[in-house]
Amino acid sequence: MAAQEFNFLLATDSYKITHYKQYPPNISNIYSYFECRRKKGSQFSEVVFFGLQYLLKKYLLGQVVTEEKIQEAKVFYQMHFKQAVFDEESWRKILEKHDGRLPIRIKAIPEGTIIPRGNVLFTVENTDPEFYWLTNYIETMLLQMWYPITVATISREFKKILAKHLKATSGSLEGLDLKLHDFGYRGVSSQESAALGGAAHLVNFCSTDTVAGLLMAQRYYSCPMAGFSIPAAEHSTIISWGRSREKEAFERVLEQFPSGPVSVVSDSYDIFNACKNIWGDKLKERVMERSQDSCLVIRPDSGDPAETLIEVIKILEECFGCSLNVMGYKVLPSYLRIIQGDGIDLSSVDEILQKLADEGWSAENVVFGCGSALLQKLNRDTLNCAFKCSYVESNGKGMDVYKQPVTDPSKGSKRGRLSLRRNSDGFLETIEKGAGKPEEDLLVTVFENGSLVLDYSLEEIRKNARLRDEE
Amino acid sequence: LYVPTIVVKKEDNRHLLFALSLQVTHYKQYPPNTSKVYSYFECREKRTDPSKSRKVKYDKTVFYGLQYILNKYLKGKVVTPEKIQEAKEVYREHFQDDVFNEKGWTYILEKYNGHLPIEIKAVPEGSVIPRGNVLFTVESTDPECYWLTNWVETILVQIWYPITVATNSREQKKILAKYLMETAGNLEGLAYKLHDFGYRGVSSQETAGIGASAHLVNFKGTDTVAGIGVIKKYYGTKDPVPGFSVPAAEHSTITAWGKDHEKDAFEHIIKQFPNVPVSIVSDSYDIYNACEKIWGEDLRSLIVARSADAPLVIRPDSGNPLDTVLKVLEILGKKFPPLENSKGYKVLPPYIRVIQGDGVDINTLQEIVEGMKKHRWSIENIAFGSGGALLQKLTRDLLNCSFKCSYVVTNGLGVNVFKDPVADPNKRSKKGRLSLHRTASGNFVTLEEGKGDLGGDQLHTVFQNGKIVKTYTFDEVRDNAQLTESDY
């Protein structure tokens, strides 16, 4: 059931209130679509489709129009526009004719699908000719799909890089889905974004500190527990012991969490001193006591990520030794690992693992944490997400419509009714102008007239989004 | 395979689960006999900026958004037996271990009826404060709940977002004010010169509300309706609404007429809104043709008949922003001859204006107004719309927003604590109990190590043991954040 307090009529760009007056007369159908437009030179050639089910369940399902909401919207828009322009009557008709449920059909590709840029991802149209204006009224909300799509896509790009290095330096992909830990909760713009972004990351990985994402996956994608974490220190739990008692602080953490892995941030004062003299000397025995299942994970958190990591791992090698794996790369003892959670993004992760490999170190030694680069440092332009009208019907006649600005050809939109098919080479392609064969269409109806038609689980989505061998 | 049946009850954002996972385990990590943890929030100064030399310095920040967080997530009864149970189960699965501090939360439930025993002191909302100063402090008020201070860190650090939006928006206001003053001699219409187009480009509905409200601290034009709801609910204004908009077209309302009917679309729309400003996106096919032929010739008579209160506002939406604006102005200038104002700059007749709402960020804004000035066009001719750059293209790193522990009490003794990583002096944190003071010259300074105890602290208690004890109206926020003449 869509959120009760939320007023759907107020969840759009102001100017859309005025659009019912602007469409051609006798228009009865408006059909629009969503894509991640192709852009020359973009580093992302394919995207992960994810997040629509959340929007549908939270905001679009069931009765979204009530008389109270109509009144609230009417009063509001009167003051906001300083005139009466709100289409009160049409909303009341939705209430009377359709019990306040949205006469809309949305067709989409299955969540988790990996799809090249420039293809239709979902389409929206009105199912009742009276409410042609509704299709683009919900554009604002549906365009926010850019966010879970972009997080899931970037998270998967991380996975490709990690997989590449892990395979090359260790021969296997064991532990891959725990290699990138979501640290982004505090650096994201709101609780809701944290939940959505956190869940999008969990399409590809199982490690997170963004608890909100777990709940989102549970409530909207039927996954009881989508991600895991380990006890970890933060600066306050170390510095609160005082500068001269960093060793006692470290020791306390080890004591309190004897079983299971534990992560200890070690750069409060001097990361290199901490590694060499505290971990590597004063507490060396305590560290060596731990098993592979209860390993100490040392966390640097400042300085140049790659350089700091290399220096740290060299110090640890000196103090604890290392062994060679089947691929001939060095691995620290199984009770000791490192997590780098500062300054991580797609390029630094690649750079760090490459430098480590160049120095003879396996990617098994390191786990990464990523905050804003995963959940906040992205925007709608990252994948050029757009929602455009491509087909209308007026006076009983259908017409393919589009924009094609002379000032920017890349902003041109698709024409007509769209479908998605797999061509004879196995690649996904969009057919325009209603020319697609219905039996080949991979877009499926997920929402119709207020009801959810399909329900994807995170499990299915993860399967759809898994890395292919060539990646 | 055991699948735990965690029954998660009705959607309720006020849950115990808003902490980061790692913070769940911190109660076990503080020194024994710790009875107080005191932390603070600042927008750190960045003394050395190695990689990029930013054009915009962001020397001062606008403090905004705490009241929203306090009201929505921290006040009143936030702990119930059901929530403790829910958290316990979730964390057991999440950590595959029992690490959740059930005892600690039950104590809060029983002793404080689920209210949070913490005290938050903050600078007044809307205050414009130089970087590197304390903006708010948080401390536990019950010795048993020392761990609570940093439990709430995650949710409180999200204040970076409204602070950053409000600050970035205000910096753009300074640019607009400067050029408006130079090219028009007054600041009329400044509050409507940067319109929020960001609703679709933010990461969630909640972000839209927070971000849009932050922009409205400085301006009055918005299409992000959600922001107004946040202001009404959490701050309040004396006026019925704090933000306004005008009828405007989008591409679908033009293209739905068909490629050969752009003129019919324009004509229909402009006639629908005779007495208010109306903005019409004109680049669906060819912006220059639209300006020259359709607006400039075919529909000219409809435009010139409009009053100064109801101009046609032409909206380009593609191409290089500066080049497009200049070319559009040039074409319009030929068809609708401008007058020269008292400052010697050209102004189009009052019935026609331009809004540039594509590719606008603080840098392109500066470029466009500078370019217009060079070409002798007054800023009166133009308004701007900004979406992604206004509300989304921002991170916590822009203003280095940070929450750090600076003081603890252990075994009855107060200790000033801090971090000081050898590899990054910028990440050093402040020590001890903090206060904010105004110097004789009117500047701000943060006193550390409890040195400000004698008085004059600009930080006021806003939250105490579950109650909000001081609030600000949005009008006060706007007042505090006003530009001063030295800003432009």
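Residues numbered from 1 in each chain as written. Chains lettered and ligands numbered in written order. Predicted model: local features only at pLDDT ≥ 70, side-chain atom pairs only at ≥ 80, totals over all residues. Heavy atoms only, no water.

**Overview of the overall build of chain A**
A count of helices and strands for chain A gives 16 helices and 18 strands. Principal-axis analysis of the C-alpha atoms places the extent of chain A at approximately 85 × 50 × 40 Å. Within chain A, buried positions represent 66% of all 471 residues. Considering only intrachain contacts with a sequence separation of at least 6, the fraction spanning at least 24 residues in chain A is 76%. A total of about 16,500 Å² of accessible surface is found on chain A, and carbon and sulfur atoms cover 47% of it. Once the 57 positive and 64 negative side-chain charges of chain A are each reduced to a mean point, those two points are 4 Å apart. (Helix = DSSP H or I, 4+ residues; strand = E, 2+ residues; numbered from the N terminus. Buried < 20%, exposed > 50% of the residue type's maximum accessible area, 1.4 Å probe, protein only. Contact = heavy atoms within 4.5 Å. Areas by Shrake-Rupley, 256 points an atom, 1.4 Å probe, with all protein chains shown as cover. Lys, Arg positive; Asp, Glu negative; His and termini not counted. Charge placed at Lys NZ, Arg CZ, Asp CG, Glu CD.)

**A word on the UniProt feature "binding site: beta-nicotinamide D-ribonucleotide" (unreviewed entry) in chain B**
The UniProt feature table records "binding site: beta-nicotinamide D-ribonucleotide" (unreviewed entry) at B:Asp223, B:Arg315, B:Pro316, B:Asp317, B:Gly357, B:Asp358, B:Gly388 and B:Arg396. With a sequence span of 174 residues, these residues are also far apart in the fold, their greatest C-alpha distance being 32.2 Å. Tracing the backbone through its elements, the reader meets B:Asp317 in the loop between β8 (312–315) and α14 (321–335). Look past the residues within four positions of B:Asp317 in its chain and what remains in contact with it is A:Lys403, A:Lys411, B:His251, B:Val281, B:Asp283, B:Gly357 and B:Asp358. (UniProt positions renumbered as here; feature names shortened; annotations may be inferred.)

**Focus on helix α9 (residues 225–234) of chain B**
In terms of burial, α9(B) is a largely internal element, seven of the ten residues being buried. Looking at the buried residues of α9(B), the elements they touch are α2 (67–81) of chain A together with α2 (66–74), α8 (205–215) and α17 (474–480) of chain B. B:Gly236 sits one or two residues past α9(B) and shows a positive phi near 85°.

**A few points about the interface of chain B and chain A**
Opposite the 112 residues of chain B that make contact, chain A presents 108 residues. Both faces combined, the contact of chain B with chain A buries some 9,300 Å², and carbon together with sulfur accounts for 56% of it. If you sort the residues of chain B by the area they bury against chain A, B:Gln29, B:Arg200 and B:Gln205 come out on top, with a joint share of 9%. Linking chain B with chain A are ten salt bridges, by the criterion used here. For the salt bridge of A:Arg186 with B:Glu153, the shortest nitrogen-to-oxygen distance reads 3.0 Å. The interface formed by chain B and chain A holds 67 residue pairs in polar contact (both at pLDDT 80 or more) in total. Considered class by class, the residues forming the side of chain B that touches chain A number 52 nonpolar, 33 polar and 27 charged. (Buried area = accessible area lost by both parts, 1.4 Å probe. Salt bridge = Lys/Arg side-chain N within 4 Å of Asp/Glu carboxyl O. Polar contact = N/O pair within 3.5 Å; in protein donor to acceptor, adjacent residues only side chain to side chain. Nonpolar A, V, L, I, M, F, W, Y, C, P; charged D, E, K, R; others polar.)

**What to know about the nonpolar core**
Membership of the largest hydrophobic core comes to 310 residues, with the highest contact counts inside it found for A:Trp91, A:Ile106, A:Phe122, B:Leu74, B:Ile120 and B:Leu156. When neighbours within four sequence positions are excluded, A:Ile106 is seen to be in contact with A:Leu52, A:Leu56, A:Leu60, A:Phe122, A:Thr123, A:Val124, A:Leu142, A:Val444, A:Thr445, A:Val446 and A:Phe447. (Core = buried A, V, L, I, M, F, W, Y, C linked by side-chain atoms within 4.5 Å.)

**Let's talk about helix α1 (residues 52–60) of chain A**
For α1(A), the tally of buried residues reaches nine of nine residues, placing the bulk of the element in the interior. What α1(A) keeps buried is the set A:Leu52, A:Gln53, A:Tyr54, A:Leu55, A:Leu56, A:Lys57, A:Lys58, A:Tyr59 and A:Leu60.

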